[in-house]
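Chain residues, written in single-letter form:
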Amino acid sequence: MNAVRNIVILTGAGISAESGLRTFRADDGLWEDHPIEQVATPEGFARDPDLVQRFYDQRRTDIRAARPNAAHEALGRLDQEWAKGEHGDLLIVTQNIDDLHERGGARRVLHMHGEGLSAWCTACGARVRWEGTLRDGPPCPSCGAAALRPDIVWFGEMPYAMERIFAAIAACDLFVSIGTSGAVYPAAGFVQEASRAGARTLELNLERSLGSAMFDETRLGPASELVPAWVDDLLDPRETG
């Protein structure tokens, strides 16, 4: 670990589950009790925008009520410490739409699937922080059009900032996946990209993901226990050496 300079951390729903946020996709394929095609596709939004807006209004309520857990706070501490001294770069790429990483103290966070507390104007392209309802068609603060939708990457849409993500993975020495199922691409393929770049790969998860075999090491347990312990070892490796 002493040779590590550049780190990319991928987080998924498992890291926020201990904060009370349900993982969207259940074993029965539903997202919060709705078929995915109803609430997580452009076609579903075009067919029933009121249903989709109500769905994400509730997600915003849930996000505001949740609190960062020890795993979020540990990554916040790592982000802050890694910015000091002779360390290299660090990027937290999250598939989650909540803001618990930021509230846990992290600053270098990229939401590849969008943000629950953000609205996107399909008329002018502006993205604005949004904590209230979108059901009543509020005007865009930038252009005034009633064209705001959740700033969420739905199925069939391209995740955000893929070029930046792949560039960070290509330059990293360590790739860490936390709380992900390994079922959703392109994120599920990041470990292969990191391995091809020569990075060490580590999985921290409650149970083995679909891609566990591709990691150099897997540690199993709650994120609130595994992540703080890993961060402690990374920042102060004397006890492990």
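Residues numbered from 1 in each chain as written. Predicted model: local features only at pLDDT ≥ 70, side-chain atom pairs only at ≥ 80, totals over all residues. Heavy atoms only, no water.

Student: Now, about the pattern of salt bridges: what can you tell me, with residues and values included?
Tutor: Under the counting rule described, the total for this entry stands at 15 salt bridges. A salt bridge links D232 to R77, with the nearest nitrogen and oxygen atoms 2.4 Å apart. Within this pair, whereas D232 is found in helix α9 (residues 223–235), its partner R77 is found in helix α5 (residues 70–82), the two being separated by 155 residues in sequence. Using a relative accessible area of 40% as the deciding quantity, one classes D232 as partly exposed. Judged by its relative accessible area of 35%, R77 falls in the partly exposed class. The salt bridge involving R108 is made with D79; its shortest N-O contact spans 2.8 Å. With R108 in the loop between α6 (100–103) and β5 (109–111) and D79 in helix α5, the pair connects residues that are 29 residues apart, well separated along the chain. Where salt bridges share partners, they join D99, R103, R129 and E131 into one cluster. (Salt bridge = Lys/Arg side-chain N within 4 Å of Asp/Glu carboxyl O. Helix = DSSP H or I, 4+ residues; strand = E, 2+ residues; numbered from the N terminus. Buried < 20%, exposed > 50% of the residue type's maximum accessible area, 1.4 Å probe, protein only.)

Student: Quick one: what's the story with the environment of L100, residue by residue and with numbers?
Tutor: Relative to the helices and strands, L100 resides in helix α6. Separated by 24 residues in sequence, L100 and G76 place their C-alpha atoms 9.8 Å apart. If near-sequence neighbours (up to four positions away) are discounted, L100 is found in contact with S16, S19, L21, A66, R67, P68 and H72. (Contact = heavy atoms within 4.5 Å.)

Student: Describe the side chain of D99, with residues and values.
Tutor: Relative to the assigned elements, D99 resides in the loop between β4 (90–94) and α6. One polar contact links D99 to R103, side chain to side chain, over a distance of 2.9 Å. Ignoring any residue separated from it by four or fewer positions in sequence, one finds D99 in contact with I63, L117 and R129. (Polar contact = N/O pair within 3.5 Å; in protein donor to acceptor, adjacent residues only side chain to side chain.)

Student: Summarise the UniProt feature "binding site: substrate" (unreviewed entry) in the protein chain; cite the residues concerned and give the values.
Tutor: UniProt marks Y56 and R59 with the feature "binding site: substrate" (unreviewed entry), using the numbering shown here. The exposure class of Y56 is buried, given its relative accessible area of 2%. Looking at the secondary structure, you find R59 in helix α4 (residues 49–65). (UniProt positions renumbered as here; feature names shortened; annotations may be inferred.)

Student: Break down the sheet that holds β4 for me, citing the residues and quoting the values.
Tutor: Taken together, the 6 strands give an open sheet; going across it, the order is β5-β4-β1-β9-β10-β11, and neighbouring strands pair in parallel fashion. Whereas interior strands pair on both sides, the edge strands pair on one side only; in this sheet they are β5 and β11 (217–220). Recorded for the sheet is a direction-independent mean angle of 15 degrees between the axes of neighbouring strands. Here strand β1 (residues 7–11) pairs with strand β9 (residues 174–178) via 5 bridges, running parallel. Residue pairing for β9: I9 is matched across the bridge by V176. Seen against the sheet, helix α7 (residues 162–171) touches β1, β4 and β5 and runs at an angle of roughly 130 degrees to β4. Against the sheet, α9 engages β1, β9, β10 (200–205) and β11, with an angle of about 145 degrees to β10. (Pairing = 2+ DSSP bridges. Axes fitted to C-alpha atoms, helices over the stretch in contact; angles between N-to-C directions.)

Student: Quick rundown of the sheet that holds strand β7 (residues 127–129)? Include the residues and the values.
Tutor: One open sheet holds the 3 strands; their spatial order is β7-β6-β8, and the pairing between them is antiparallel. One side of each edge strand has no neighbouring strand; the edge strands of this open sheet are β7 and β8 (148–152). Neighbouring strand axes in the sheet, compared pairwise and without regard to direction, differ in orientation by 45 degrees on average. Where strand β6 (residues 114–121) meets β7, 3 bridges bridge the pair, whose relative direction is antiparallel. Bridge pairing in β7 places S118 opposite R129.

Student: Provide a residue-level description of the pairing of β10, including the pertinent values.
Tutor: Most of β10 sits inside the fold, with 5 of its 6 residues counted as buried. By the bridge criterion, 5 bridges tie β9 to β10 in an arrangement that is parallel. The residue of β10 that forms the bridge with L174 is R200. Chirality of the crossover, the property in question, places the unit of β9, helix α8 (residues 190–196) and β10 among those that are right-handed. Strand direction decides the pairing type here: β10 and β11, joined by 4 bridges, are parallel. Residue N205 lies in a different strand from β11, and its bridge partner there is L220. (Right-handed = clockwise from strand over helix to strand, strands pointing away.)

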